[in-house]
Amino acid sequence: MATQAIEATRGGGLPRNWWAFGVLLLPVTVYFFALQERASLAVFWAVGIAAGFVIQRSRLCFVSGFRDLYLLHQGRTLRGLIIGLGVATFGFAMIMGSIVPNPATGAVPQDAHVLPVGIATIAGGLLFGVGMVLAGGCVSGSLYRMGEGYVASWVAMAGVMVGLFALNRTWNWWWDVTIATAPREWLPARLGYTGSIALTVLLLATAYVATLWWERRAPAFAVIPIKRAQAAPPANVQDDVRAALQRVFRKEWSPAAGAIALSLLNVMLFIRYRPMGVVGEISRWTNDIAAKVGQPVGVLKGLDTLAGCAPSITGDSWFTDGFMMNGGIIVGSFTAAVLAREFRLRIPRQPKRYVQSALGGVVMGYGAGLGLGCTLGAFYSAIPSLALNGWVYAVAMATGAFAGSQIIRRLA
Amino acid sequence: MAESTVVPVLDVRGEICPYPMLRTNKELDEVRPGVAELDVITDHPPALSTIPPEAMKRGYGVEIEEVREGEWKIRLFKDS
């Protein structure tokens, strides 16, 4: 396999910078403070930290999953995501099955990401796909890159907030025109759990095979082994422990390993609370800031009927579950990057990159608001929710990412 | 090669995906077509798995060296 031969493995030792483990102080301290306030804050913080860590270690980039398919004919990341979706599908089905044992009754598990599916889903997915490729990272991807020190991702996140502001100002129009009347299609209501899981797995398997077929369409090339400095083979238990630590903290994980770990976190969070999502919270930040500078978004319709990443408004405290989750992703990724000795402030030197990240962010933010979520909430948590909106959003996003890839080809 | 010359350097630090790879391709295809050796400096870890296959498609061998924390030199070379 071409991709295996080029899998990044680097030499160097962990113990030399053992002091780097001091970065763990921040997540641990915040955890105990959060625990005194409310258990859910601590749990969302811990899951956010773990998610940031997992995504950084495996470089699980949703954008590259789609973009590399178009630009490089590489499907390794997307296949990782597909495997992760498969794992989460079974986990979510177990949880939903205990909430709604008989789906034929018409009941839908309240917290599952079963969302109205219609024009807003398609338009949101298309915009999101274009925007994320331009910005060089989706919303959750930008969160983890912020922690790794990418200045462009901070700019993209500011753009996302502007985009979400624009969407929230137009939300009531979208609500009246399409979202309010769009149907919510939860597959088990028609097919039962068994049928829904079988259909989901079949579609995932088809997508998996399609990436293999697509890779084969690329012109073949000779793979030359990459030269690297080789570490000495382990000689004793101490070396073995060091090697084990390096596999976790220093070497790159495969996308599949990262996606499976992320799915397990998602399942655990759903068991206790609800599936992962990051956009609803960023939408709340946007609305809160807008109100503070005298541009309130006003009353948004229909919010209490929507699960997932619908826009939200600030209640009595800024420190919500979502805040802990999003903050946790940034801090978790920062922690992982420092331990892997990969943290750096990365400052783009070409001014056009800032413009591009900001504009990409705005388009992506608007799309995320409209499509009721990002790659996490409307895709990675929606397909395992056995919801039709997850698949519609995925196809729209893939199409948008294709268009985005055509644009950036010209921007190099 | 007859005489040794200074290896040209392409510095793509600060660039996010996919630009380290796209700019390397552009350097190999348009700026210095057929160049025998090229050093690409990057601080973007994912570029370590996108630049090599693209260079291999163009017939280059690849050597990766970690210059310092979070910074790598990817040497691309043609065996002559």
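As a reminder, the structure under discussion sits directly above these lines.
Residues numbered from 1 in each chain as written. Chains lettered and ligands numbered in written order. Predicted model: local features only at pLDDT ≥ 70, side-chain atom pairs only at ≥ 80, totals over all residues. Heavy atoms only, no water.

S.K.: So what's going on with the pairing of strand β2 (residues 37-42) of chain B? Which residues, and what values?
M.R.: Residue and element names in this part refer to chain B. Among the six residues that make up β2, five are buried, leaving the element largely enclosed by the rest of the structure. Both strand β1 (residues 9-11) and β2 contribute to a ladder of three bridges, which runs parallel. In the strand pairing of β2, L10 is matched with V40. A crossover links β1 with its parallel partner β2, the connecting element being helix α1 (residues 19-31), and its sense is right-handed. Sheet topology places β2 next to strand β4 (residues 71-77); six bridges connect them, and they run antiparallel. When the bridges of β4 are listed, V40 appears paired with I74. (Buried < 20%, exposed > 50% of the residue type's maximum accessible area, 1.4 Å probe, protein only. Helix = DSSP H or I, 4+ residues; strand = E, 2+ residues; numbered from the N terminus. Pairing = 2+ DSSP bridges. Right-handed = clockwise from strand over helix to strand, strands pointing away.)

S.K.: If you had to explain the interface of chain B and chain A to someone new, which residues and values would you point to?
M.R.: On the chain A side, the residues contacting the 36 residues of chain B number 35 residues. Roughly 3400 Å² is buried in total at the junction of chain B and chain A, and carbon and sulfur atoms are behind 58% of that figure. Ranking the residues of chain B by area buried against chain A places I16(B), Y19(B) and M56(B) at the top, with a combined share of 19%. Counting every contact that joins chain B to chain A gives four salt bridges. (Contact = heavy atoms within 4.5 Å. Buried area = accessible area lost by both parts, 1.4 Å probe. Salt bridge = Lys/Arg side-chain N within 4 Å of Asp/Glu carboxyl O.)

S.K.: Please give an account of the nonpolar core that cites residues and values.
M.R.: Residue and element names in this part refer to chain A. Grouped together as the largest cluster of nonpolar side chains are 102 residues, with contacts concentrated most on F128, M132, V139, L262 and F379. Sort the elements by how many residues they give to this core and helix α3 (residues 39-58) lands first, with ten residues. Sequence-distant contacts of F128, defined by excluding residues within four places in its chain, comprise C138, V139, M364, G367, A368, G373, C374, T375, Y393 and M397. Formed by 16 residues, the second largest nonpolar core is a distinct cluster that contains A88, A93, A112 and A387. (Core = buried A, V, L, I, M, F, W, Y, C linked by side-chain atoms within 4.5 Å.)

Scope: geometric values only; no functional claims are made or implied.
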